[in-house]
Amino acid sequence: MPAPAALLSYIDAQTDAFITRLAEAVAIPSISGDPAYRDRVHDMSNWLNAQLQAVGVTTKQVDLGTHVMDGQTLHLPPAILGRIGEDKSKKTVLIYGHFDVQPASKSDGWDTEPFVLTKEADGRLVGRGSSDDKGPVLGWVNVLQWHHETQTPLPVNIVFCFEGMEENGSEGLDDLVVKEKDGWFKDVDCVCISDNYWLNTRTPALTYGLRGLVYFKINVSGPTRDLHSGVFGRMVHEPMTDLISLMSRLVDSAGNILVPGVDDMVSVADNEERAIYEKLDYSIEDVESSVGAKIALSADKTQVLMGRMRSPSLSLHGIEGAFSGPGAKTVIPAKVAGKFSIRLVPPQTPDSVTPLVEAYLKSEFAKLGSKNSLHVELLHDGKPWVADYKHWNYNAAIKATEAIYSQKPDLTREGGSIPVTLTFAETLGVNVLLLPMGRGDDGAHSTNEKLDTSNFIKGTKLLGTYLYEVGEVKDS
Ligand SMILES: C[C@H](N)C(=O)N[C@@H](Cc1c[nH]cn1)C(=O)O
Ligand SMILES: [Zn+2]
Ligand SMILES: [Zn+2]
């Protein structure tokens with residue numbers, strides 16, 4: 001049965017109400033990576049839990065214990081497990097999403113307040129989390145609302161798993177999935193995650209791969225306090241000088257990873273594999289308009305796409321403890337910490353890459369002849385994931401996309417990471433599908449993050465239609 005026409009017209013009619021609900025969600029600054037905002041992530045868990053209950057979902061909030069961040073012991077935000085439908089004749093879909101967000105402040109260069117959802121004249125809904133991942137999570141709630149109000153049974157049983165630590169390594173969630181394998185997650189037939197983006201701004205996508213991640217912090221320390229550069233400059237080893245030197249040895253300007261062995265783990269694409277990327281609807285203009293500058297690493301679109309989808313990448317993120325304020329402070333910082341991460345692709349794993357990075361940093365540091373101290377920390381990690389896109393779960397999503405967008409979706413691999421994806425696939429032994437709602441230029445993790453109203457509304461219809469297509473699947 002296709003999605004009922006009444007559901008689709010209800011979604012259109014509720015556009016303003018759905019945007020108002022998204023605005024409420026965006027207004028809660030649920031930044032998981034900043035201890036100062038941890039209570040707000042808890043608030044967000046409570047808010048979403050109430051929204052789910054209001055549309056008929058049975059839920060429980062699960063305490064995931066504590067963890068240490070920046071030297072502080074913090075309570076992890078409770079995950080939300082939900083369930084609606086217990087009909088043994090129907091398939092059971094596990095839906096995952098996250099309600100935490102990346103940090104954002106106006107001073108980063110936002111044109112509007114990041115935690116005030118602002119509707120632009122062209123339909124863009126601008127605000128932190130609009131696309132990653134509050135809009136998609138609320139897409140599911142929107143679909144349930146019609147079923148609840150009209151007392152229409154769902155075409156499938158749904159199990160939900162929503163978390164508030166995805167942007168920081170999904171701490172505690174893997175253990176919960178393993179623990180609930182034969183409990184809450186018993187009978188799950190497939191997984192659907194809406195937490196990534198189309199490749200471009202035109203073509204809907206289904207995603208069958210994610211890169212993994214190892215995120216490092218390299219601490220360099222020396223003096224017991226910050227020093228005056230006029231008094232101590234050229235008298236002592238300076239931590240920042242050592243750190244910059246180390247960080248400059250990690251990656252070159254063409255994106256090559258300089259840690260020996262890391263790039264070599266990945267085979268070169270043959271012609272058959274290149275053809276997959278050649279066929280995708282993408283151009284150098286797409287990447288350059290998304291980033292707002294003509295800075296693509298190559299003029300060859302296939303090369304650029306493979307850089308994101310099937311190659312590892314190393315990015316330098318920042319330096320804690322470095323002077324970054326206005327003015328010209330003549331300080332020698334006493335201790336600094338550089339942060340960088342490597343996105344991993346098969347066959348790389350955190351276990352195979354981490355020792356190479358640690359050994360390289362230690363040997364390069366030794367070459368500096370510095371008397372400062374180096375301490376390398378792995379902050380979090382996740383394995384890469386690739387799925388079988390010939391599975392019925394993908395066929396259902398292809399049909400749903402054609403029904404809503406009258407277009408065949410691109411089949412993509414995502415450059416980002418969602419650590420729990422592989423855990424679902426391996427622990428539950430089921431197929432996982434990524435069904436993105438937003439466009440490639442949404443600016444997730446960036447300033448002025450947005451979700452287009454049309455993507456929010458059509459994306460809601462897509463999620464609903466996908467459930468009806470899964471409900472139609474007869475085999476396995
Ligand atoms: C793709 C997903 N929406 C996402 O943004 N994932 C994050 C996960 C992460 C890991 N460490 C910090 N964040 C990402 O890929 O960066
Ligand atoms: Zn996300
Ligand atoms: Zn994210």
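Residues numbered from 1 in each chain as written. Chains lettered and ligands numbered in written order. Predicted model: local features only at pLDDT ≥ 70, side-chain atom pairs only at ≥ 80, totals over all residues. Heavy atoms only, no water.

(A) Quick look at the UniProt feature "site: Important for catalytic activity" (unreviewed entry) in the protein. The sites that carry the UniProt feature "site: Important for catalytic activity" (unreviewed entry) are, in the present numbering, His228. When near neighbours in sequence (up to four residues on either side) are disregarded, histidine 228 contacts Gly233, Thr330 and Ile332. A distance of 2.8 Å separates the side chain of histidine 228 from the backbone nitrogen of glycine 230, its partner in a polar contact. (UniProt positions renumbered as here; feature names shortened; annotations may be inferred. Contact = heavy atoms within 4.5 Å. Polar contact = N/O pair within 3.5 Å; in protein donor to acceptor, adjacent residues only side chain to side chain.)

(B) Highlighting helix H1 (residues 5-13). Where H1 is concerned, the buried positions are Leu7, Tyr10 and Ile11. Seen from one end, H1 has its buried residues packed into an arc of 100°, which puts them on one side. Exposed and facing more than 90 degrees away from the buried side of H1 are Ala5 and Ala13. (Buried < 20%, exposed > 50% of the residue type's maximum accessible area, 1.4 Å probe, protein only. Helix = DSSP H or I, 4+ residues; strand = E, 2+ residues; numbered from the N terminus. Arc of directions from axis to C-beta.)

(C) Examining the nonpolar core more closely. Within the largest apolar cluster, 94 residues are counted, with the highest numbers of intra-cluster contacts made by Leu48, Phe185, Phe424 and Tyr466. With 8 residues, helix H14 (residues 453-472) is the largest single contributor of residues to this core. Residues contacting phenylalanine 424, with those up to four places away along its chain left out, are Leu94, Tyr96, Cys161, Val177, Val191, Gly429, Val430 and Val432. If you look at the next biggest cluster of nonpolar residues, it comprises 23 residues, including Val214, Val251, Val262 and Phe340. (Core = buried A, V, L, I, M, F, W, Y, C linked by side-chain atoms within 4.5 Å.)

(D) Structural view of the sheet that holds strand E16 (residues 373-382). Spatially, 4 strands are ordered E13-E15-E11-E16 in an open sheet, and the strand pairing comes out antiparallel. The strands lining the two open edges of the sheet, one partner per strand, are strand E13 (313-320) and E16. The average undirected angle you get between the axes of adjacent strands in this sheet is 20°. Taken together, the 10 bridges between strand E11 (residues 212-221) and strand E15 (residues 335-344) define a ladder with antiparallel strand orientation. Within the sheet, the bridge partner assigned to valine 214 lies in E15 and is isoleucine 342. Set on the sheet, helix H7 (residues 239-247) makes contact with E11, E13, E15 and E16; between it and E15 the angle comes to about 15°. Strand contacts of helix H11 (residues 350-368): E11, E15 and E16, with the helix running at about 165° to E16, the strand carrying the most contacts. (Pairing = 2+ DSSP bridges. Axes fitted to C-alpha atoms, helices over the stretch in contact; angles between N-to-C directions.)

(E) Highlighting the site of ligand 1. Every residue near ligand 1 is listed here: Asp132, Glu166, Glu167, Asp195, Tyr197, Leu213, Arg343, His380, Gly416, Ser417, Ile418 and His445. At 3.2 Å from a nitrogen atom of ligand 1 is found a side-chain nitrogen or oxygen belonging to aspartate 132. Here a nitrogen atom of ligand 1 and a side-chain polar atom of aspartate 195 are 2.8 Å apart. When ligand 1 is considered free in solution it has 400 Å² of accessible area, and contact with the protein chains removes 94% of it. Counted by class, the shell around ligand 1 contains 3 nonpolar, 4 polar and 5 charged residues. In this structure, the shell around ligand 1 is formed jointly by two domains, domain 1 (5-210 + 385-472) and domain 2 (212-266 + 311-382), each of which donates at least three residues. (Near = heavy atom within 4 Å. Areas by Shrake-Rupley, 256 points an atom, 1.4 Å probe, with all protein chains shown as cover. Nonpolar A, V, L, I, M, F, W, Y, C, P; charged D, E, K, R; others polar. Domains from an automatic or database assignment.)

(F) Molecular detail of the coordination of the zinc ion (ligand 3). Bound to the zinc ion (ligand 3) are the protein donor atoms Asp132 (OD), Glu167 (OE), Glu167 (OE) and His445 (NE2), situated 2.0 to 2.6 Å from the metal. Written as a sequence motif, the donor arrangement for the zinc ion (ligand 3) is D-x34-E-x277-H. When its relative accessible area of 41% is taken as the criterion, histidine 445 is described as partly exposed. (Donors = N, O, S within 2.8 Å, 3.2 Å for Na, K, Ca; no water.)

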